[in-house]
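# Structure at a glance
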Amino acid sequence: MADISLTNLNKTYPNGFKAIHDIDLEIEHGEFVVLVGPSGCGKSTLLRMIAGLETVTDGEIQIASQRVNEREPAERDIAMVFQNYALYPHMTVYNNMAYGLRNKGTARDEIERRVQDAAKLLELCELLDRKPRQLSGGQRQRVAMGRAIVRDPVAFLFDEPLSNLDAKLRAQMRLEIKRLQHRLGTTSVYVTHDQIEAMTMADKLVVMNSGAAEQIGNPMSVYEKPATQFVAGFIGSPAMNFLPAKLQNNGNSVQIEGGPCLTLTDSVKSINGNQSVIVGIRPEHLVPMPTGAIGFAVEMIEALGAESLVHGRLACNGTDVTLRVDAATDIPSESEIRLHVSTDNLHVFDADTGERLN
Amino acid sequence: MVENRPFITFLSHAVLILGVLIVLMPLWVAFVASTHPPENIMTSRVPLMPGDQFIKNYTQALTVGVDGAGKVPLSRMLFNSTVMALSIAIGKIFISILSAFAIVYFRFPFRKTCFWIIFMTLMLPVEVRILPTFQVVADLKMLNTYAGLSIPLIASATATFLFRQFFMTVPDEYLEAARMDGAGPLKFFKDILLPLSRTNIAALFVILFIYGWNQYLWPLLVTTNEKYYTIVMVIQRMVAVPDGEPLWHLIMATAILAMLPPMIVVIVMQRLFVKGLTETEK
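A few points on the structure. (Residues numbered from 1 in each chain as written. Chains lettered and ligands numbered in written order. Predicted model: local features only at pLDDT ≥ 70, side-chain atom pairs only at ≥ 80, totals over all residues. Heavy atoms only, no water.)

### Focus: the packing of helix α4 (residues 137-149) of chain A against helix α5 (residues 167-184) of chain A
If you want to describe how two helices pack, look at the angle between their axes and the distance between the axes. Residues and elements named next belong to chain A. To be explicit about the condition: In this analysis, axes come from line fits to C-alpha atoms, helices being fitted only over the stretch in contact, and the angle between any two N-to-C directions falls in the range 0 to 180 degrees. Secondary structure follows DSSP: runs of H or I at least 4 residues long count as helices, runs of E at least 2 residues long count as strands, and numbering of each begins at the N terminus. The scheme is simple: roughly parallel for angles under 35 degrees, roughly antiparallel for over 145, roughly perpendicular for 65 to 115, oblique for anything else. Crossings are sorted by hand: turned counterclockwise from the far helix by less than a right angle, the near helix makes the crossing left-handed, and turned clockwise it makes it right-handed. Working rule for contacts: check all heavy atoms of both residues, and any pair within 4.5 Å makes them a contact. By the convention adopted, Pro, Cys, Tyr, Trp, Phe, Met, Ile, Leu, Val and Ala count as nonpolar, Lys, Arg, Asp and Glu as charged, and the other residues, Gly among them, as polar.
Axis separation between α4 and α5 bottoms out at 11 Å; the angle between their running directions is 20°. Put simply, α4 runs roughly parallel to α5. For the crossing formed where α4 meets α5, the hand is right-handed. Contacts between α4 and α5 pair Gly138, Gln141, Arg142, Met145 and Ile149 from the former with Leu169, Met173, Glu176, Ile177, Leu180 and Leu184 from the latter. Taken together, the residues that form the contact of α4 with α5 break down as seven nonpolar, two polar and two charged.

### Looking at the sheet that holds strand β14 (residues 276-281) of chain A
Residues and elements named next belong to chain A. We count it as follows: Pairing between two strands requires that DSSP report at least two bridges joining them.
The five strands are arranged β13-β12-β11-β14-β20 in an open sheet whose pairing can be described as antiparallel. Strand pairing shows two members of the sheet lacking a second neighbour, β13 (261-263) and β20 (347-350), which therefore form its edges. The sheet shows a mean angle of 40° between the axes of neighbouring strands, direction not considered. Pairing between strand β12 (residues 253-256) and β13: three bridges, direction antiparallel. Looking at β13, one finds that Gln255 is bridged to Cys261.

### Things to note about the nonpolar core
Basically, it comes down to this: For the purposes of this section, nonpolar cores are sets of buried Ala, Val, Leu, Ile, Met, Phe, Trp, Tyr and Cys residues that join through side-chain atoms within 4.5 Å. Relative accessibility thresholds used throughout: buried, under 20% of the residue-type maximum; exposed, over 50%; partly exposed, between the two (1.4 Å probe, protein chains only).
One finds Leu6 of chain A together with Phe167 and Ile231 of chain B to be the most contacted residues of the largest nonpolar core, which totals 86 residues. If we skip the residues at most four places from it in the chain, Ile231 of chain B touches Leu74, Met77, Leu78, Ser81, Trp213, Thr254, Leu257 and Ala258 of chain B. Val36, Leu122, Leu128 and Met145 of chain A belong to the second largest nonpolar core, which has 45 residues in total.

### Some remarks on the layout of surface pockets
Residues and elements named next belong to chain B. Heads up, the condition is: We place a 1 Å grid over just the protein atoms. Points where a 1.4 Å probe fits but has no way out form a cavity, open points with protein on both sides within 12 Å along at least 5 of 7 lines form a pocket, and any residue with an atom within 4 Å of a point lines it. Grid points are joined across faces, edges and corners, and a volume is the space filled by probe spheres set on the points.
Roughly 540 Å³ of volume is contained in the largest pocket. Taken together, 17 residues form the lining of the largest pocket, with Val104, Tyr105, Arg107, Asp172 and Leu175 sitting closest to its centre. At the level of secondary structure, the elements contributing two or more residues to the lining of the largest pocket comprise α4 (74-105), α5 (111-120), α8 (157-169) and α9 (172-180). For the lining of the largest pocket, the leading source of residues is α9, giving four residues. In terms of residue class, the lining of the largest pocket is made up of 10 nonpolar, no polar and seven charged. In this structure, the second largest pocket occupies an estimated 430 Å³ of space. Contributing to the lining of the second largest pocket are 24 residues, with Lys92, Ala155, Ser156, Ala157 and Thr158 lying nearest its centre.

Structure representation (structure tokens):
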């Protein structure tokens, strides 16, 4: 049974701007769902609609099998962690966590028990009497988590909770949140624009673009079989390379513009003539090889330690391309090399609609 | 700017001390005059050192009163002034914080219009609307009452405006967090907004208390009964005695007494006051 289900959800702002288009989403019990997309894609709006902070124009939100469209946020049995944590600055950590329970009229010793339990879980016991401004970023983050945990809700909602932390702390908190969620088994919806966060944390990934869900699936399947050119470009870092091409041979091969003809392992369905397409190749699937089919002019090399990113242009049509190679590979900068393309990993997209074809 | 040049340090201190002396001089003269018997002040040489009549003069002023002021003891007027200043300060803060809350946090028809109407009253201080206000107060039979002294001065655009600006700097996330925590509008106001505005309220209280205390024209108009005279308006009455000499020693004592309460308010609340005016975000 789904904990949260969104049916045909729409949101139009009074000024006519359509923020959310026909979103359908089922979130199973205990699932960690990540909404990811560029800024302005509507991912935060969608989360806030689930939270009850934004109204729903059309469609239905169900939490624990009950329609909640018209309910106040506090009556939806959810808890939210905000981007800036929104800890009440004049209250102690303890009161910050207890405030929601007090408003619900929970008994005093029950509040005490829950707050102490959450504090133990999050290692906040020594900090309960402090004010938020006396805490570090990571500690505030944990208090915000604690405030969500004490309410024992059906679902946690996270609105870019790590974006205010520095890189190291972010990686650590990412792990901590994921571990905590595993332990508590609470359904979670998590919004981020960081695709690494999205890939590592999600059980189910929802890639959003201009108010619509472009693809929903588990992170690896989204990575391996992106449904649209947008998803292919957004998920994965460095981004996928896109080469203009034409379909040949009844969709069994693609002719790279000005370059070689590549045979496809999975042929393309429904084609008309030699249709224009975009071929996507991940940076790790372009391999420098003296016998390679494509000429490549190296422009710049970024050494990341274990691996290097090589930036340059294709000799045949001048497209900018990035490769990811082992750091041991010796490539002189400003040189001409040949690249081998592994045809198992080609992604073919319609040049007009961006839909995946193979 | 941190500099370490002895001459500049000396010069800036000299200028500051000079400024303080200039400000303090009249106060000193007033204080000295209030401690002398009347005939000493009327002589050609004004005394610059305190006399020996301190207790006598102040006791007379506080308990018996002065002729020109209707023979009401000053303690009564101090009380009247305190009641008026406090009701104005508290009333203004109460009304304006609530109206700012409504304007910032609620979406109702004509919200903008309401704000601009309130804002426009900034252009109509007491002196401009004094005749119609007097008419209203008289018709409501509020002449010679504390209500008549304070209520017409309570409506305040300045304070509403200040609170509105402050509320707009409070992050929306607090409101959203409070909604998630099940706090209704009034609970949010009481539990979150009010504690956050503490320093602003203190700063406004100081300003408004002094504003209320220094009211002159309005009390002069609405009070005809000596029992409701305020201390600030009475100083003028004491000077304008129709015949005979003004009793300078008592007038100066009154002036000194009239200065004390605002001074105490400022001194007691100065830490919060400065915080409220300078602090932006915690």
